[in-house]
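# Understanding the architecture of this molecule
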Amino acid sequence: MESVSVLMPRPTFPYLEQELDKRFKLLRLWDYPHSTQFLKDNANSIRAIVVNSVDPAKKLIEALPKLEIVTNYGVGVDNIDLNRCKERRIRVTNTPDVLTDEAADLAIGLILALLRRLCECDRYVRSGRWKLGAYKLTTKFSGKRVGIIGLGRIGMAVARRAEAFNCSICYHSRTKKPESQYKYYPSVVELASNCDILVVACSLTKETHGIIDRKIMDALGPKGALINIGRGKHVDEKELVSALLEGRLGGAAMDVFENEPHVPQELFGLENVVLSPHIGSATVETRTAMADVVIGNLEAHFRGKTLLTPLV
Ligand code: NDP
Ligand code: DGY
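Residues numbered from 1 in each chain as written. Chains lettered and ligands numbered in written order. Predicted model: local features only at pLDDT ≥ 70, side-chain atom pairs only at ≥ 80, totals over all residues. Heavy atoms only, no water.

## With respect to helix H5 (residues 100–115)
Taking 1.5 Å as the rise per residue, H5 with 16 residues should run 22 Å; its terminal C-alpha atoms sit 23 Å apart, in good agreement. Burial analysis of H5 places twelve of its 16 residues in the buried class, which makes it a mostly covered element. Listed as buried for H5 are Thr-100, Glu-102, Ala-103, Ala-104, Leu-106, Ala-107, Ile-108, Leu-110, Ile-111, Ala-113, Leu-114 and Leu-115. Following H5 by one or two positions, Arg-117 adopts a phi angle in the positive range, close to 55°. (Helix = DSSP H or I, 4+ residues; strand = E, 2+ residues; numbered from the N terminus. Expected span 1.5 Å × (residues − 1). Buried < 20%, exposed > 50% of the residue type's maximum accessible area, 1.4 Å probe, protein only.)

## As for the side chain of Asn-94
On the secondary structure map, Asn-94 appears in the loop between strand S5 (91–93) and H5. Under the relative-accessibility criterion, Asn-94 is labelled buried at 6%. A distance of 2.9 Å separates a polar atom in the side chain of Asn-94 from the backbone oxygen of Val-75. Among residues more than four places away in sequence, those in contact with Asn-94 are Asn-72, Gly-74, Val-75, Val-77, Val-293, Asn-297, Thr-309 and Leu-311. (Polar contact = N/O pair within 3.5 Å; in protein donor to acceptor, adjacent residues only side chain to side chain. Contact = heavy atoms within 4.5 Å.)

## Comments concerning the pairing of strand S9 (residues 197–200)
Every second residue of S9 is oriented toward a common face, with Ile-197 and Val-199 on one face and Leu-198 and Val-200 on the other, all of them buried. Inspection of the sheet shows strand S6 (residues 145–149) paired to S9 by four bridges, in the parallel sense. Across the sheet, Ile-149 pairs through a bridge with Val-200, a residue of S9. Bridge count for S9 against strand S10 (residues 225–228) is four bridges, and the pairing is parallel. Within the sheet, the bridge partner assigned to Ile-197 lies in S10 and is Ala-225. Between the parallel pair S9 and S10, the chain is carried across by helix H9 (residues 214–220), and the sense of this crossover is right-handed. (Pairing = 2+ DSSP bridges. Right-handed = clockwise from strand over helix to strand, strands pointing away.)

Encoded structure:
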């Protein structure tokens, strides 16, 4: 398989690159989309690409006439036009399951960081301003009502973790899950009106784009906390900034943003906000496991075997 050209449009994780280098002819296109000459020169030999959620994969796929497989280094595939891939008979894979625990752990971490003001406390101590007994009180997590949008793999893992904090769980998804004991709300606004902490854990689709708008923020209210570990485009960021500045929303913890790596500057000055740079799956262990899934899929495809995690 050393002669099979596999393209990566961006550096991701050294282990993944090393393992790809060992097995394939890995082409690195680090300056895409700024320079396209390299792509033009190699377009007819590239049979596979490895992309992740922020790569402009849709355009890239169109530029590669001999493409056979798109392996996504991540579970969310909103960056890929699955119908177009189907049309062109291009296989698509992602990395489900292996990152579920990490993403759910991060959701709980963000909840605790927001409610217990951990980032603010850290800044306070480092500033040297700590006086005994002088700091603000924070908010208890245990026993709160946690609402989850998208009770899929990650949403379920968040629910299980929150149960260990004696929280009551409710959720919204397109359909009620008969097997779930959690309370179902048929609309996001009803969910937001009936929880203290709203966790966004659904996939990004046309229907979930902008699902967190002013109405939902107002339903969560001045004591409510919004946690987004899904995709930035789920949240109307302008409305988020207004809701926080006007005190209509209690706080927000965000791992993902509308146009990464851009983050609205207005959020930087707010203490009731926790920001992280899209690190849901970013541990050595999980990124290694994800890399193994990508490599396993590529090897299976080029050996004519069954893909590990086929989507198309
Ligand atoms: P799953 O496919 O298991 O879950 C997706 C969930 O989204 C399903 O429960 C589905 O529920 C729900 N959903 C889809 N459409 C709608 C809708 N219109 N309204 C409400 N719910 C909807 O995926 P995972 O749990 O593995 O991953 C979820 C997402 O998390 C990924 O797509 C990705 O975007 C994001 N993610 C972010 C990470 C990070 O680094 N921050 C890390 C990993 C993932 P139903 O079908 O019942 O409607
Ligand atoms: C995912 O797996 O979807 C994460 O967002 C990483 O891209």
